[in-house]
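# Working through the structure, step by step
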There are 2 protein chains.
Amino acid sequence: MSTSERLIREHQIEQTLTTPIGQVVTLGGWVQRRRDFGSVIFVDLRDRSGLVQLVFDRARGTSESAMAAADKLRNEFVIVARGTVAARDEASINPKLETGHIEIVVHDVVVENTAKNPPFYIQDGVEVDETVRLRYRYLDLRRPEMQRMLMLRHQVIRAFRAFLDDNGFIEMETPILTKSTPEGARDYLVPSRLQAGEFYALPQSPQIFKQLLMVSGMERYYQVARCFRDEDLRADRQPEFTQLDIETSFLSAEALQSMMEMMVQKVLRDVAGIEIEIPFMRLPYHEAMERYGSDKPDLRYDMAFVNLEETLKGTDFRVFADPLAAGGTVKALVAPGVASYSRKQLDDLVAFVKPYGLKGLAYIAVAQDGGMKSSIGKFFTEEQLAEIVRVCEAKPGDLILIAAASRKEVHAALGALRVHLAEELGLADPNVYKFLWVTDFPLLSYDEEEGRYVAEHHPFTMPRYEDVDLLTTSPEKVKAQAYDMVLNGFEIGGGSMRIYRRDIQEKMFAALGFTPEEAYDKFGFLLDAFEYGTPPHGGIAFGIDRIVMLLGHGKSLRDVIAFPKTSSGTDLLMEAPSTVSQAQLDMLHLSIKKK
Amino acid sequence: MSTSERLIREHQIEQTLTTPIGQVVTLGGWVQRRRDFGSVIFVDLRDRSGLVQLVFDRARGTSESAMAAADKLRNEFVIVARGTVAARDEASINPKLETGHIEIVVHDVVVENTAKNPPFYIQDGVEVDETVRLRYRYLDLRRPEMQRMLMLRHQVIRAFRAFLDDNGFIEMETPILTKSTPEGARDYLVPSRLQAGEFYALPQSPQIFKQLLMVSGMERYYQVARCFRDEDLRADRQPEFTQLDIETSFLSAEALQSMMEMMVQKVLRDVAGIEIEIPFMRLPYHEAMERYGSDKPDLRYDMAFVNLEETLKGTDFRVFADPLAAGGTVKALVAPGVASYSRKQLDDLVAFVKPYGLKGLAYIAVAQDGGMKSSIGKFFTEEQLAEIVRVCEAKPGDLILIAAASRKEVHAALGALRVHLAEELGLADPNVYKFLWVTDFPLLSYDEEEGRYVAEHHPFTMPRYEDVDLLTTSPEKVKAQAYDMVLNGFEIGGGSMRIYRRDIQEKMFAALGFTPEEAYDKFGFLLDAFEYGTPPHGGIAFGIDRIVMLLGHGKSLRDVIAFPKTSSGTDLLMEAPSTVSQAQLDMLHLSIKKK
């Protein structure tokens with residue numbers, strides 16, 4: 001490990017591809033593999049840009065000290081090597097390697113650092129327990145697939161920025177140390193040292209700040225913003241995540257959506273060479289739920305629900321009749337080409353929907369010859385079954401699955417079943433990108449637990465103009481000027497036009513059950529701001545982590561975040577969170593409660 | 001305030017400059033001023049892009065409803081107006097306004113929002129108490145100078161990113177919720193809900209993460225990173241600030257510095273049209289202190305100290321002799337052209353240096369005729385005084401100021417006096433940008449209070465190779481491979497080569513007084529990481545807020561941050577920090593200590 005003779009890297013490995021044969025290069029990187037043939041030693045050298053073969057061969061000019069160093073090299077040693085680019089002879093060309101037609105005949109080498117045997121191989125496709133990957137994240141990130149993913153992340157964000165910069169948007173930074181806001185998820189808090197007993201909160205999003213920037217006349221704002229939510233982490237949530245946060249003044253919802261479509265189109269083209277069509281389909285929330293049981297339907301396949309309420313009106317089959325009488329529904333899903341599912345396979349489908357509150361699933365299998373096999377054959381005539389098949393537009397070989405229960409249960413169950421079946425049947429082509437807007441969300445929903453209405457999006461969402469008066473009389477009927485951008489079954493962006501007049505905001509707060517005093521106590525600064533000339537405005541926020549995951553075909557958000565946390569919020573590498581000293585607690589005027 | 005008829009803005013005001021006369025535009029913005037001439041009403045409309053005059057005139061086609069609306073308009077009302085671009089007649093052209101040769105004859109207008117009288121005028125150069133500006137930040141940010149500053153900030157960051165993107169750097173995000181690290185400033189802590197009694201810390205910088213990214217082979221990293229320090233805020237500090245954080249592998253310090261010079265050169269050229277010369281001057285820390293009494297000297301003017309130790313050797317004048325005998329120094333500063341300073345002005349200079357520990361200042365004023373007037377004339381011969389003048393290279397009209405005390409006191413006092421005089425004398429031209437590198441910092445300094453050595457930069461800074469062994473024997477003599485970029489008296493960036501070998505890092509921790517167990521307890525993950533093939537690496541971090549402030553000629557960091565905090569860490573607009581509910585505290589397992 002000599003550092004007395006310094007050798008400084010001058011070239012990246014990919015540059016050897018364009019270096020003339022016979023020229024000298026100085027490369028630096030990691031030993032990927034070493035093969036020792038006695039008088040000749042081959043070393044595959046890896047850097048961020050690629051892999052190339054180094055040859056240590058006294059007969060071809062390698063120095064004695066380099067031969068001695070090569071003898072001791074092991075995987076993941078860091079070296080800097082100077083040598084001559086040479087063409088390989090025909091027989092030893094490696095077509096699997098981009099640089100496989102050349103090799104570097106080493107003159108001198110400096111071993112910058114040694115390496116212990118890593119806990120897993122530094123290559124793609126290795127099966128490693130994720131806790132080990134996270135504990136040794138600095139080694140996990142050496143694997144080419146992780147480097148590709150973080151590079152993709154960089155390129156995606158860069159492409160978003162380029163579009164926004166070109167369209168008059170200004171990136172502006174908003175505070176991370178801010179105020180705890182009611183009406184959202186749980187805040188992370190930061191105790192103040194200077195103001196005893198008081199706390200900052202980390203922002204769940206820059207929502208209020210970006211609205212204030214519109215009040216301040218900035219007109220077009222964006223930010224690649226870190227957001228924080230102290231939620232009970234599901235398998236694929238992170239306590240901190242990155243949002244592309246956008247807000248505009250004076251634009252209509254339609255104009256904003258259209259601009260966002262152009263942005264996404266350009267980003268996919270520039271970053272991944274993917275062509276998508278704009279404008280995107282617009283699907284009202286109500287229709288999305290009725291047809292796909294989801295407010296973020298995957299439309300790479302249709303498999304829309306078929307409403308059988310008309311067809312089955314007056315049936316005396318209790319399994320259908322009872323839910324219908326109770327105001328529920330009966331809907332069918334046509335699974336293409338799987339009429340021949342076995343009893344076991346059908347049982348599995350029933351087991352799949354049970355957690356969603358269904359008691360069972362009826363089925364009609366349409367055989368290739370047009371014959372029908374059905375679980376409800378005893379209760380319906382051939383003609384009645386044929387009528388269902390006709391209404392469902394099922395073809396020979398298809399399997400019709402029928403659910404009857406409350407709307408909510410049927411939509412949830414069939415919605416999940418639809419996604420499940422599409423995956424089973426390979427209908428969700430990972431190389432197809434199907435975008436749509438879901439629009440016309442309800443503004444409010446009634447929260448039984450809290451005994452009041454809560455905002456579906458957030459309390460600053462503008463109702464449709466024609467619905468403003470309903471805020472006072474029938475809050476549940478008010479539709480929001482809100483829209484989600486959906487890609488392949490994931491909500492990748494969500495936004496809305498915002499309330500920009502104090503009178504409407506006050507009506508909204510009243511609908512949420514706040515007294516005027518409570519409203520002013522919580523959001524007085526915003527109500528005040530609305531009185532000094534606030535322009536009409538609206539915006540959207542995109543989930544960067546999810547977008548990169550979808551484009552990079554990652555399996556989890558943890559694959560697109562350099563240093564992610566586990567589902568319990570732990571950073572396994574740094575071992576955060578951790579205990580702190582009594583002196584630190586004293587300075588923050590805090591004590592920890594004993595359990 | 002009619003919203004029944006919708007009118008959507010289609011043009012920005014600056015677009016009217018290129019719109020043909022006679023065409024119809026739809027503009028939106030704020031009422032800057034309204035002048036009522038009865039049958040004709042003039043309104044200056046402001047948006048982010050500029051200002052234009054709207055004319056409401058029934059005779060020229062303004063609708064009745066628009067005339068009625070114009071009647072009620074007041075400053076800061078938000079309107080959208082449709083009208084025809086018209087040339088003004090010769091007499092009414094306003095040369096002070098970019099759009100002063102045209103006006104918009106309004107057909108229709110929609111008042112989107114009214115406005116109360118703002119607490120201060122929305123225009124530049126108004127004298128407003130800063131607490132009022134911060135309380136109504138959304139109005140303060142409407143002022144053109146604040147909009148310009150935030151736009152400049154955007155452009156500066158964008159230009160930095162463009163250079164780095166073009167040079168193979170990848171922007172990578174590192175966690176905000178991380179681990180409390182010893183050896184830095186005070187951390188902001190975030191209590192964990194899921195792990196009772198444990199805390200995350202907000203990062204003081206991404207230092208450790210960027211080093212881990214180098215371990216992971218990312219080679220060139222950057223991030224526009226938010227950093228947090230819970231320090232006692234001086235007048236111009238912010239609890240959160242933005243850093244352009246950069247790290248590279250395999251580059252020498254010289255190569256990195258050279259790249260950074262090219263970056264800064266390009267950013268200044270692209271953003272501000274400022275041409276600067278590279279390479280920058282390199283000034284070793286020791287020389288910077290000896291000549292300018294500062295490790296970040298403003299070199300727009302020289303005014304270097306003159307060392308009089310040789311000249312005054314053997315003097316029996318006690319004021320000089322005593323400090324020299326005690327190992328101190330005598331140095332002079334030549335203030336050009338102010339030999340005629342009055343007794344009062346000279347007294348003010350003495351008062352200025354007293355807080356730095358000097359008892360007084362001796363002076364020699366060189367009159368235009370070459371005659372001398374001196375406070376020490378009684379103790380020195382004419383020849384002796386002339387010799388001092390000669391050594392100081394003082395010209396007729398100059399004033400020589402002489403300080404004698406310990407090195408530390410003389411440097412601090414004369415360093416501050418130098419800056420003070422340069423400002424008084426107008427030597428610090430705000431339109432000159434004088435960059436330099438200060439290098440060869442000491443690695444460690446002895447902390448009397450803690451009774452041990454502490455890192456001057458941070459504990460990961462690489463010593464000069466030739467000094468590694470001194471770490472164990474004479475820590476105070478070790479020079480660091482560290483460098484600061486200095487602009488006009490401000491440190492705008494600081495960095496170093498990092499330790500990348502476990503043995504050296506362990507020596508460093510030992511020099512800091514850690515036992516091996518303590519070192520591993522605090523930084524075990526990093527020591528471990530160094531054993532798996534860590535490349536040589538180093539980096540730098542630039543203070544974005546300060547750079548923007550210097551380029552935009554702002555008076556304070558608060559002028560370049562959209563939502564800054566006061567010196568007590570308060571956000572006056574949001575009223576953060578604030579109290580939180582008992583339920584929130586309970587969930588975090590915390591209680592607040594009574595005083």
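Residues numbered from 1 in each chain as written. Chains lettered and ligands numbered in written order. Predicted model: local features only at pLDDT ≥ 70, side-chain atom pairs only at ≥ 80, totals over all residues. Heavy atoms only, no water.

### A closer look at the pairing of strand β1 (residues 24-36) of chain A
Residue and element names in this part refer to chain A. In terms of strand pairing, β1 meets strand β4 (residues 78-87) through seven bridges, oriented antiparallel. Counted as the bridge partner of T26 is R82 from β4. Alignment of β1 against strand β2 (residues 40-47), held across six bridges, turns out to be antiparallel. The residue bridging W30 from the neighbouring strand is R46, located in β2. Connecting β1 to the antiparallel partner β2 that follows it, the hairpin turn spans three residues, and G38 within it adopts a positive phi of roughly 80 degrees. (Pairing = 2+ DSSP bridges. Helix = DSSP H or I, 4+ residues; strand = E, 2+ residues; numbered from the N terminus.)

### Quick look at the interface of chain B and chain A
In this assembly, 132 residues from chain B lie in contact with 132 residues from chain A. Both faces combined, the contact of chain B with chain A buries some 11,600 Å², and carbon together with sulfur accounts for 58% of it. The tally of links between chain B and chain A comes to 22 salt bridges. Close ionic contact of R193 of chain B with D232 of chain A constitutes a salt bridge, the shortest N to O distance being 3.0 Å. Where chain B packs against chain A, one counts 77 residue pairs in polar contact (both at pLDDT 80 or more). Of the residues forming the side of chain B that touches chain A, the biggest block, ten residues, is contributed by helix α4 (residues 144-166) of chain B. In the sheet, strand β23 (residues 590-592) of chain A pairs with strand β23 (residues 590-592) of chain B via three bridges, with the strands oriented antiparallel. Residue pairing across strands places L590 of chain A opposite I592 of chain B, the latter belonging to β23 of chain B. (Contact = heavy atoms within 4.5 Å. Buried area = accessible area lost by both parts, 1.4 Å probe. Salt bridge = Lys/Arg side-chain N within 4 Å of Asp/Glu carboxyl O. Polar contact = N/O pair within 3.5 Å; in protein donor to acceptor, adjacent residues only side chain to side chain.)

### Digging into the sheet that holds strand β22 (residues 537-543) of chain B
Residue and element names in this part refer to chain B. With mixed pairing, the eight strands of this open sheet are ordered in space as β6-β9-β10-β22-β21-β20-β17-β11. The open sheet has two edge strands, β6 (170-171) and β11 (281-284), and neither has a second partner. Alignment of β6 against strand β9 (residues 220-228), held across two bridges, turns out to be parallel. In the sheet register, E171 faces β9, and the bridge partner there is Y222.

### Details of the pattern of salt bridges
This model, assessed by the stated rule, comprises 114 salt bridges over all chains. The partner of R46 of chain B in a salt bridge is E76 of chain B, with the nearest N and O atoms 3.0 Å apart. Residue R46 of chain B is located in strand β2 (residues 40-47), and its partner E76 of chain B is located in the loop between α1 (64-72) and β4 (78-87); the two are separated by 30 residues in the primary sequence. Across the pair, exposure class does not vary: R46 of chain B and E76 of chain B are buried alike. Across the pair D467 of chain B and R464 of chain B runs a salt bridge, and its minimum N-O distance is 3.2 Å. Taking the relative accessible area as the measure of exposure, R464 of chain B reaches 25% and is therefore partly exposed. Through salt bridges with shared partners, a single network forms among K116 and R135 of chain A together with R502, E506, D528 and E531 of chain B. (Buried < 20%, exposed > 50% of the residue type's maximum accessible area, 1.4 Å probe, protein only.)

### A word on the state of the cysteines
By the definition in use, this model includes zero disulfides over all chains. Residue C227 of chain B stays outside any disulfide, its sulfur separated by 18 Å from that of C227 of chain A, the closest cysteine. (Disulfide = S-S within 2.5 Å.)

### Digging into the UniProt feature "binding site: L-aspartate" (unreviewed entry) in chain A
Residues and elements named next belong to chain A. Look at the UniProt record and you will see "binding site: L-aspartate" (unreviewed entry) annotated at E183, R229, H457 and R498. Assignment of secondary structure puts H457 in the loop between β19 (452-455) and α12 (470-473). Sequence-distant contacts of H457, that is, excluding residues within four places in its chain, are made with L443, G494, G495, S496 and R498. For R498, the location among the structural elements is in the loop between β21 (490-497) and α13 (502-511). Since its relative accessible area comes to 2%, R498 is described here as buried. At a separation of 2.7 Å, a polar atom in the side chain of R498 contacts the side chain of E247. (UniProt positions renumbered as here; feature names shortened; annotations may be inferred.)

### Remarks on unusual backbone geometry
Residues and elements named next belong to chain A. In this chain, I278 is followed by P279 through a cis amide linkage whose omega measures -5 degrees. Along the chain, P279 turns up in the loop between α6 (253-272) and β11 (281-284). Between A576 and the following residue, P577, the backbone shows a cis peptide bond with an omega angle of 0 degrees. Assignment of secondary structure puts P577 in the loop between α15 (544-552) and α16 (582-587). Unusually for a residue other than glycine, D440 sits at a positive phi of about 55 degrees. As for its position among the elements, D440 is in the loop between β17 (435-439) and β18 (444-447).

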